[in-house]
Amino acid sequence: MTGIDFTVFKGSSTGQIVESKTHRESIKADEVLLKITHAGLCGTDLHHRTSDMVLGHEGVGIVQQIGPQVTAFKVGDRAGWGYFHNSCGHCDECLNANEVFCPERAMYATSNTDQGAFASYAVWKAAFLFHIPDAITSSDAAPLMCAGATVFNVLYLYNVRPTDRVGIVGVGGLGHIAIQFAAKMGCEVVVFSRSESKKYEAKGLGAREYYATEGVSQLDIGKPIKHLIVTTSQMPDWNLFLPVLAPNATIYPITLSEGNISFPHTPLLLKGLTIQGSVPASRGIHAKMLRFAAVHDIKPTIQEFPLTAEGIEDAMTKLDSGQIRYRAVFVAGMTRSG
């Protein structure tokens, strides 16, 4: 196909979602043209709402055309992509299958800003697309492209074991998926949330224990936590959590937050704690995440919206005010919110 124009939805200086157009003369030999059917909304998209760029990085669609060098996909396949679009392929990180840390990595909001998941079509390198397993619907697959890849990466890359006691702070867009993955891996999952309102839901997702933290000066949870995954945008009160962390425990703050992390110095040293940064998964782990989700029936809790400027505005407003349970998914051709 030569000379394709497709609809895209961009941020703007006022925060209003703007419908625009992107043009491609043709696809390159190693690229794939996708017709987007579903797109997930991530908190990161809110951060870039005031930027002049196409939004969305949790995309799922149908392959329309492949370049002559593409062998992994065929027309009609379902495929998805996430935060990560390209890497150099020859640095130490790439050669160690850790290409998400490539110094030349291409990622959402820093490259390819003329296209994204909030669009009618997209053109991506085939090597950075993922087959969607038959057991996963496209609506469920979209949030897994970033949220799923982010939480699974922590559990897989940093060697969380089935015998470990894993704490998850927050039952939201990331947290509700993290609970499922950790529980299905055999971990003893302990959930911390502000109130009791999500207790039964968290336990239904696989949590063994649930503790409300609002107004609490001390946590009494029995056995300590080996891994603490912080899925909330606001960092917790570390003085509340430090006493329940095991020696040599690791803390994973996995959301984009304003400002710096302020952490008590002495307990960090005396307990041998680690604060571990993490990003969405490299390709090998991402593919494993999708297979694991398919085998273990891991599903995000979603609300569907039309893939239109109005639908995006509506979902973003609801997400910003805490009204989404727990991931918004935009559906092409949908006319009314579900």
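Cut-offs used in this document
Residues numbered from 1 in each chain as written. Predicted model: local features only at pLDDT ≥ 70, side-chain atom pairs only at ≥ 80, totals over all residues. Heavy atoms only, no water. Helix = DSSP H or I, 4+ residues; strand = E, 2+ residues; numbered from the N terminus. Rg over C-alpha atoms; globule rule 2.2 N^0.38 Å. Contact = heavy atoms within 4.5 Å. Areas by Shrake-Rupley, 256 points an atom, 1.4 Å probe, with all protein chains shown as cover. Salt bridge = Lys/Arg side-chain N within 4 Å of Asp/Glu carboxyl O. Buried < 20%, exposed > 50% of the residue type's maximum accessible area, 1.4 Å probe, protein only. Phe/Tyr/Trp six-rings, centres within 6.5 Å; stacked < 30°, edge-to-face > 60°. Bend = angle between axes of the 7 residues up to and from the residue.

Draft legend 1. Focus on the overall build of the protein chain. A count of helical and extended segments in the protein chain gives nine helices and 17 strands. In summary, the protein chain has a C-alpha radius of gyration of 20 Å against a globular reference of 20 Å for 338 residues, a match within 12%. With the C-alpha coordinates of the protein chain rotated into their principal frame, the extents come out at 65 × 45 × 35 Å. Sequence separation of 24 or more characterises 67% of the internal contacts of the protein chain that already satisfy a separation of 6 or more. For the protein chain, the exposed surface amounts to about 15000 Å²; the carbon and sulfur share of it is 49%.

Draft legend 2. Structural context of the pattern of salt bridges. Considering all chains together, one arrives at 13 salt bridges under this definition. As a salt-bridge pair, aspartate 52 and lysine 10 come within 2.9 Å of each other at their nearest N and O atoms. With aspartate 52 in the loop between helix H1 (43–47) and strand E4 (58–66) and lysine 10 in strand E1 (residues 4–10), the pair connects residues that are 42 residues apart, well separated along the chain. Under the relative-accessibility criterion, aspartate 52 is labelled exposed at 63%. For arginine 283, the salt bridge goes to glutamate 99, with nearest N and O atoms at 2.8 Å. With arginine 283 in helix H8 (residues 283–296) and glutamate 99 in the loop between helix H2 (92–95) and strand E7 (106–107), this pair connects stretches of sequence that are 184 residues apart. Its relative accessible area of 25% is what places arginine 283 among the partly exposed residues. Glutamate 99 gets classed as buried once you look at its relative accessible area, which sits at 4%.

Draft legend 3. Summary view of the environment of glycine 61. Tracing the chain through its elements places glycine 61 in strand E4. Spatially, the C-alpha atom of glycine 61 lies 48 Å from that of glutamine 218, the residues being 157 residues apart in sequence. When neighbours within four sequence positions are excluded, glycine 61 is seen to be in contact with Leu34, Lys35, Ile36, Thr37, Asp77, Arg78 and Ala79.

Draft legend 4. Structural view of the packing of aromatic side chains. One pass over the structure, following the stated rule, counts 14 aromatic pairs. Taking the centre distance of 5.8 Å and the plane angle of 15° together, the rings of phenylalanine 152 and tyrosine 156 count as stacked. Residue phenylalanine 152 and its partner tyrosine 156 are both found in helix H3 (residues 138–157); the two are separated by four residues, about one turn of the helix. Overall, the relative accessible area of 2% leaves phenylalanine 152 in the buried class. With a centroid separation of 5.9 Å and an interplanar angle of 40°, the aromatic rings of phenylalanine 181 and phenylalanine 292 are classed as tilted. Linking phenylalanine 181 in helix H4 (residues 175–184) with phenylalanine 292 in helix H8, this pair joins segments that are 111 residues apart in sequence. Judged by its relative accessible area of 0%, phenylalanine 181 is buried.

Draft legend 5. Structural context of unusual backbone geometry. Here the bond from arginine 325 into tyrosine 326 is cis, since omega is -15°, no more than 30 degrees from zero. Checked against the element boundaries, tyrosine 326 lands in the loop between helix H9 (309–320) and strand E17 (327–331). We note that asparagine 112 has phi near 50°; this positive angle belongs to a residue other than glycine. With respect to the helices, strands and loops of the structure, asparagine 112 is situated in the loop between E7 and strand E8 (121–125). The exposure class assigned to asparagine 112 is partly exposed, which follows from its relative accessible area of 33%. Notably, aspartate 297 is not glycine yet its phi reads approximately 55°, a positive angle. You can see aspartate 297 is positioned in the loop between H8 and strand E16 (302–306).

Draft legend 6. Expanded view of the environment of serine 120. On the secondary structure map, serine 120 appears in the loop between E7 and E8. A relative accessible area of 23% places serine 120 in the partly exposed class. Sequence separation between serine 120 and glycine 175 is 55 residues; the distance between their C-alpha atoms is 29 Å. The residues touching serine 120, leaving out its near neighbours within four places in the chain, are Phe6, Thr7, Leu34, Lys35 and Ile36.

Draft legend 7. Representation of H3. The sharpest bend along H3 measures roughly 55° and falls at leucine 144. Most of H3 is tucked away, with 18 of its 20 residues classed as buried. Note on H3: the residue one or two positions beyond its end, asparagine 159, has a positive phi of about 60°.

Geometric descriptors of this kind do not, in isolation, establish any biological role.
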